[in-house]
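These are the residues of each chain, in order.
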Amino acid sequence: MISFLSSYQSLADQILIYSVLAMSQCLVMRAGLFSLAPTAFAGIGAYTMAVLTTAHGVNPVLAIVCGVMLATLVAAAMALATSRLRGVFQAVATLALVQVMVTVGLGWESVTRGALGINGIPKVATTGWLLLVVALATWLLWTIGRYSIGRAFDLIREDETVAVSLGISVMRYHRFAMILSGLLGGLAGALYAANSHAIQPSEFGFSMIVAGLTMAVLGGHKSVWGALLGAAILISLPELFRVFAEYRSVFQGVLLMLVIIFLPNGIVDSLLELAHERKVRRALPSGDGGNIDTKARAT
Amino acid sequence: MLLQQLLNGVVVGSVYAIFALGFTLLFGVNNILNMAHGSVFMWGAFAGLAAVTYFGPSFPLAVVVGMLAGGLLSVLLDIVAFRPLRRRKGADMSALLSSLGANLVLLSLAQNLSNTKVMRYPFGIFPIVNFQVFGLRIQLLQLVIPLICIVMVAALVFLLYRTGLGRRIRSVAFSESTSRLLGINSEWVNAQVFFMSGALAGLAGVLIGIAFNSVHYHMGEPFLLKAFVVIILGGLGSIPGALVAGVVIGTIETLTISYVSSAAADGITFAVLFLIILIRPTGLFGKASTVMRVQRQ
């Protein structure tokens, strides 16, 4: 049992780290903000952590905190810019941010060592600590989602006009979501650096964007559990079925398309909706169940 | 030296413009940011190369096969990845996500097919003729590429504003449901738009493959990212905007690469994108109607 666990430990670490990234992505998507920036924030977090520990000998935990703070600051600056934009343009602006970060990582060689990346990062993010961090992050999102902020997010995503007519400031909530997404993204990146010994700029590009989005879409972005499930499925499936290993990205691409087309709410949200529907049916007097609006939202 | 670099910039910029034309056409009509456009471009170059390898080096053959392959692939994308999502709430987001998935599939299939190798068009596919004008060395290809670009822009503008198909396309772009009420087969119009967009991408792929003498599975991504900058700078959905912005970006980039460094060129390009989005999100040629689609008041 122990040897079985330890052989899959790196897989578990990966799932935990990516689920923080997926949470960062889910949070913005829940607020109806179409941001691809979690990858950029992860890059900032990872590089801050790596540079501080390897070049300046800073305590790794302090370095992780610094990485998270810097990512949050950049997210705050981004939030001011993107909250004025609509839908697809938020995607373009944040994609530009990701590209700027990759370019900085490749070009600022005196600090980031260019395409070679940074080696020898102390491995402090062990499975136990990762579990703790993920539990904290889940609790944070769960709490936020239960109160008015979560409801405002849901309303903005479903219908912006209704949200505005109810006096909800879309810009303010979008800024908040972006900043929180920066915090989680930076955390995911810093943990990634603290878990993998070496990082390169190219890791924080297109492939990570697609991975984060696939996890968020696969699990579903309304519920907290979607990010965890999405990360778990996407990371573990290719490992469990070795056949997929060679065609890993074909598999990932097909999965993304299938989920978007056939299960647009993601696994967890669809299941929750189904459960809610059944509960409503049962509560109603028999024979009348077909007439009500069963599409009423879960949670 | 400066003039020579300017010429190179215009040539590269023309290809950016051809690539971005298809991209901006899709956005203008269907409100779709097609992230798989770069892969269509790459598959166009692959198809042109395959045709040339089987039937012998011929420039027109490569161009025609590349355009056909790009167009057909793009229609296939429409059927598989975009059509099921149309008329759904928040369709632009899910279309973007689904095209990201399609892009990944096309990219890794190409990687497996080419074994991650860099391939080349056969030597002599395009006659090498050099001109000397005022001390400038101009190759025939460097004249042909901007010419093709201008012809394509003219043809597209003519098609959109002077033909029946163009009228149908513009009406679908304005409102798909209204045009269906008027008896326009909107799915067929969309398929035609996707074919044109893909054919332009395939053309750009063949031209780049010949001009830079290299075809590989990863060639699409930098062009896709440049196309974002081009269409934002030019104004979304604007065809003259794509032409002007393509040439401007190509020139700026070539000059920066030759006088500063290639890393700086990328940095400057994306900084331009950033500033445009912050200061004037509608771009150079954006109309008042685009403002509503871009910004909150």
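Conventions and cut-offs
Residues numbered from 1 in each chain as written. Chains lettered and ligands numbered in written order. Predicted model: local features only at pLDDT ≥ 70, side-chain atom pairs only at ≥ 80, totals over all residues. Pairing = 2+ DSSP bridges. Helix = DSSP H or I, 4+ residues; strand = E, 2+ residues; numbered from the N terminus. Contact = placed C-beta atoms within 7 Å. pLDDT = per-residue confidence, 0-100. Buried ≥ 20, exposed ≤ 12 C-beta atoms within 10 Å, placed from the backbone. Axes fitted to C-alpha atoms, helices over the stretch in contact; angles between N-to-C directions. Parallel < 35°, antiparallel > 145°, perpendicular 65-115°, else oblique. Nonpolar A, V, L, I, M, F, W, Y, C, P; charged D, E, K, R; others polar.

Here's the deal with the pairing of strand 1 (residues 130-133) of chain B
All names here are of chain B. As paired strands, strand 1 and strand 2 (residues 136-139) are joined by 4 bridges and run antiparallel to one another. Residue pairing for strand 2: Asn130 is matched across the bridge by Gln139. Here strand 1 hands over to strand 2 after 2 residues, with Phe134 in that stretch at a positive phi of 50°.

Section: the interface of chain A and chain B
Across the contact, 34 residues belong to chain A and 34 residues belong to chain B. Elements with a contribution of two residues or more to the side of chain A that touches chain B: helix 5 (87-107), helix 11 (206-219) and helix 14 (248-262) of chain A. If you tally residues by element for the side of chain A that touches chain B, the top one is helix 5 of chain A, at 13 residues.

A few points about the confidence of the model for chain B
On average, chain B scores 86 in pLDDT, and the residues at 70 or more come to 96%. Predicted as a complex, the structure gets a pTM of 0.86 and an ipTM equal to 0.83.

With respect to unusual backbone geometry
Residues and elements named next belong to chain B. Of note in this structure, Asn31 is not a glycine but carries a positive phi near 60°. A count of 18 C-beta atoms within 10 Å places Asn31 in the partly exposed class. Phi at Asn213 takes a positive value of approximately 55°, unusual for a residue other than glycine. For Asn213, the position within the fold is in the loop between helix 8 (186-211) and helix 9 (220-234).

Digging into the packing of helix 5 (residues 140-162) of chain B against helix 6 (residues 164-174) of chain B
Residue and element names in this part refer to chain B. Running from N to C, helix 5 and helix 6 point in directions that differ by 75°, and their axes come no closer than 5 Å. The angle between helix 5 and helix 6 places the two elements in the roughly perpendicular class. Facing helix 5, whose interface residues are Leu159, Leu160, Tyr161 and Arg162, helix 6 presents Leu165, Gly166, Ile169 and Arg170. Taken together, the residues of the contact of helix 5 with helix 6 break down into 5 nonpolar, 1 polar and 2 charged.

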